[in-house]
Amino acid sequence: MILSSIEPRRYQDTYQSIPVEVARTATRPLPSGQVSKEVAVSLVGVHGLAALPILLSLNTYSILLGLASIVPTLMYPYMKRITNWPQAYLGLVFNWGALLGYAAVRGHCDWSIVLPLYTACICWTIIYDTVYGHQGRYCQ
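Parameters and conventions
- Residues numbered from 1 in each chain as written.
- Predicted model: local features only at pLDDT ≥ 70, side-chain atom pairs only at ≥ 80, totals over all residues.
- Heavy atoms only, no water.
- Buried < 20%, exposed > 50% of the residue type's maximum accessible area, 1.4 Å probe, protein only.
- Helix = DSSP H or I, 4+ residues; strand = E, 2+ residues; numbered from the N terminus.
- Arc of directions from axis to C-beta.
- Core = buried A, V, L, I, M, F, W, Y, C linked by side-chain atoms within 4.5 Å.
- Phe/Tyr/Trp six-rings, centres within 6.5 Å; stacked < 30°, edge-to-face > 60°.

(A) Spatial organisation of helix H8 (residues 96–106). Turning to H8, its buried residues are Trp96, Ala98, Leu99, Tyr102 and Ala103. On an axial view of H8, the arc spanned by its buried residues comes to 165°, and they lie on one face. Gly107 sits one or two residues past H8 and shows a positive phi near 85°.

Okay, structure coming up:
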């Protein structure tokens with residue numbers, strides 16, 4: 001979980017310009033200059049490779065579901081340019097673990113069970129990310 005939740009933020013920070021003037025992001029490793037872009041890109045790869053054996057230890061359905069999350073995760077940093085609802089897309093990507101966790105235990109997704117959970121998690125993400133975003137407005 002830790003490896004997979006670190007990935008999207010590091011990837012996002014690597015492929016978009018983060019202003020140093022914004023207080024809530026100024027201490028992140030890339031904007032603060034603690035880590036170079038090249039090192040950050042290599043860490044994305046290292047974390048992905050470290051998470052791979054964990055994914056491969058799961059059942060086939062879960063492996064395919066986990067691999068299917070790669071493309072949406074890679075698309076996330078660009079959603080702020082494409083949609084006015086990047087929080088909704090973040091919810092889709094970040095809460096993929098609800099689907100994967102159920103599939104890892106059961107070997108499949110019972111959509112009558114996981115869809116309400118996934119939807120609730122997406123709604124929660126939209127709420128907290130909207131609050132986080134509005135807090136950032138005062139820091140700029």
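More follows now that the structure is in view.
(B) Looking closely at the nonpolar core. Ranked by size, the top nonpolar core spans 10 residues in total: Leu65, Trp96, Leu99, Tyr102, Ala103, Cys109, Val114, Tyr118, Ile122 and Ile126. Among the elements of the structure, H8 and helix H9 (111–139) are those that each provide at least two residues to this core. Among the nonpolar cores identified, the runner-up in size contains 5 residues, and Met79, Tyr89, Leu90 and Val93 belong to it.

(C) Representation of the packing of aromatic side chains. Taken as a whole and assessed by the stated rule, the structure comprises 1 aromatic pair. Judged by centre distance (6.4 Å) and plane angle (55°), the ring pair of Trp124 and Tyr128 falls under tilted. Taken together, the residues Trp124 and Tyr128, both in helix H9 and 4 residues apart, mark about one turn of the helix.

Spatial relationships are all this shows, so hold off on functional conclusions.
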